[in-house]
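# Observations on the model geometry
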Amino acid sequence: MKEAADVRILIVEDDPFFQRILMKRLAAEGYHVLTACDGREGMKAIVAHEPDLVISDWMMPEVDGLELCQSVKTGLRESAPYFILLTAKGEISDKLLGLGTGADDYLVKPCDQGELLARVRAGLRIVLLTQQLRRTIADLQAANAQLATAREAMNRLEGRSPREKAS
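### Section: the pairing of strand β2 (residues 32-36)
In terms of strand pairing, strand β1 (residues 8-12) meets β2 through five bridges, oriented parallel. Directly across from Ile 11, in β2, lies its bridge partner Thr 35. Of the crossover connections in this fold, the one passing from β1 over helix α1 (residues 16-28) to the parallel β2 is right-handed.

Written as structure tokens, this is what we have:
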């Protein structure tokens, strides 16, 4: 598992004061924190830095957080970072739209800092377990390929044809 300092979190927030508060709070937990002031900068940062988790405001100029989320989730698919929408939009219809668009979590501003950190930790557990699962799958695929090669070699040594080995 990654140490906190190895975890990259991107904050996409157009309010510099709120962005600074989030950055300081997450950095105090030991995370490597990156920032972007709108969705367009956020997209560039995601491509350049490959964060593990993104916390994004919804309402921003240029590209909003919902568009950013949708682009990231459809473009990067399984490689997409965990995405938390943190927004003032608190209606249930907004939450459903945000989650339906691909956000992994949704928090309404202002939110309790303890709750935000708990959700970040929960999201990172999912991210890290998913990364571990992908490594395990790759290891198993490599082991299966080696096993198939060994079986073929054994069959050749024993003089079996491919049909005989199937029976």
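### Description of the packing of helix α2 (residues 39-49) against helix α3 (residues 65-76)
Following both chains from N to C, one finds α2 and α3 inclined at 25°, their axes separated by 10 Å at the closest point. For the element pair α2 / α3, the angle class is roughly parallel. Here α2 and α3 pass one another in a crossing that is right-handed. Contacts between α2 and α3 involve Gly 39, Gly 42, Met 43 and Ile 46 from the first element and Leu 68, Ser 71, Val 72 and Leu 76 from the second. Here the residues of the contact of α2 with α3 sort into five nonpolar, three polar and no charged.

### Some points on the packing of aromatic side chains
Scanning the entire structure with this criterion turns up one aromatic pair. Cation over ring: Lys 89 sits above Trp 58, and NZ or CZ is 4.7 Å from the ring centre.

### Looking at the pattern of salt bridges
Applying the stated criterion to the full structure yields eight salt bridges. Glu 29 is the salt-bridge partner of Arg 121, the closest N and O atoms lying 3.4 Å from each other. In this pair, Arg 121 sits in helix α5 (residues 113-158) while Glu 29 sits in the loop between α1 and β2, placing the two residues 92 residues apart along the sequence. A relative accessible area of 29% means that Glu 29 is categorised as partly exposed.

### Remarks on the layout of surface pockets
The space that makes up the largest pocket amounts to roughly 400 Å³. Lining of the largest pocket is provided by 19 residues; of these, Glu 78, Ser 79, Ala 80, Pro 81 and Arg 134 occupy positions nearest its centre. Counting only elements with at least two residues in the lining of the largest pocket, the list comes to α2, α3 and α5. When residues in the lining of the largest pocket are grouped by element, the largest group, five residues, is from α5. Residues of the lining of the largest pocket, tallied by class, amount to nine nonpolar, three polar and seven charged.

### Looking at the nonpolar core
Counting 20 residues, the largest nonpolar core has Ile 9, Leu 26, Tyr 31, Leu 53, Ile 55 and Val 120 as its most contacted members. Looking at this core, the elements that each hand over two or more residues are β1, α1, β3 (53-56), β4 (82-87) and α5. The biggest single contributor to this core is α5, with five residues. Within the second largest apolar cluster, 19 residues are counted, among which are Ala 36, Val 54, Met 60 and Phe 83.

Rules used in this analysis
Residues numbered from 1 in each chain as written. Predicted model: local features only at pLDDT ≥ 70, side-chain atom pairs only at ≥ 80, totals over all residues. Heavy atoms only, no water. Pairing = 2+ DSSP bridges. Helix = DSSP H or I, 4+ residues; strand = E, 2+ residues; numbered from the N terminus. Right-handed = clockwise from strand over helix to strand, strands pointing away. Axes fitted to C-alpha atoms, helices over the stretch in contact; angles between N-to-C directions. Parallel < 35°, antiparallel > 145°, perpendicular 65-115°, else oblique. Left-handed = near helix turned anticlockwise from the far one by under 90°. Contact = heavy atoms within 4.5 Å. Nonpolar A, V, L, I, M, F, W, Y, C, P; charged D, E, K, R; others polar. Phe/Tyr/Trp six-rings, centres within 6.5 Å; stacked < 30°, edge-to-face > 60°. Lys NZ or Arg CZ within 6 Å of the ring centre and 35° of its normal. Salt bridge = Lys/Arg side-chain N within 4 Å of Asp/Glu carboxyl O. Buried < 20%, exposed > 50% of the residue type's maximum accessible area, 1.4 Å probe, protein only. 1 Å grid on protein atoms, 1.4 Å probe; cavity = no way out; pocket = protein on both sides within 12 Å on 5 of 7 lines; lining within 4 Å. Points joined across faces, edges and corners; volume = space filled by probe spheres on them. Core = buried A, V, L, I, M, F, W, Y, C linked by side-chain atoms within 4.5 Å.

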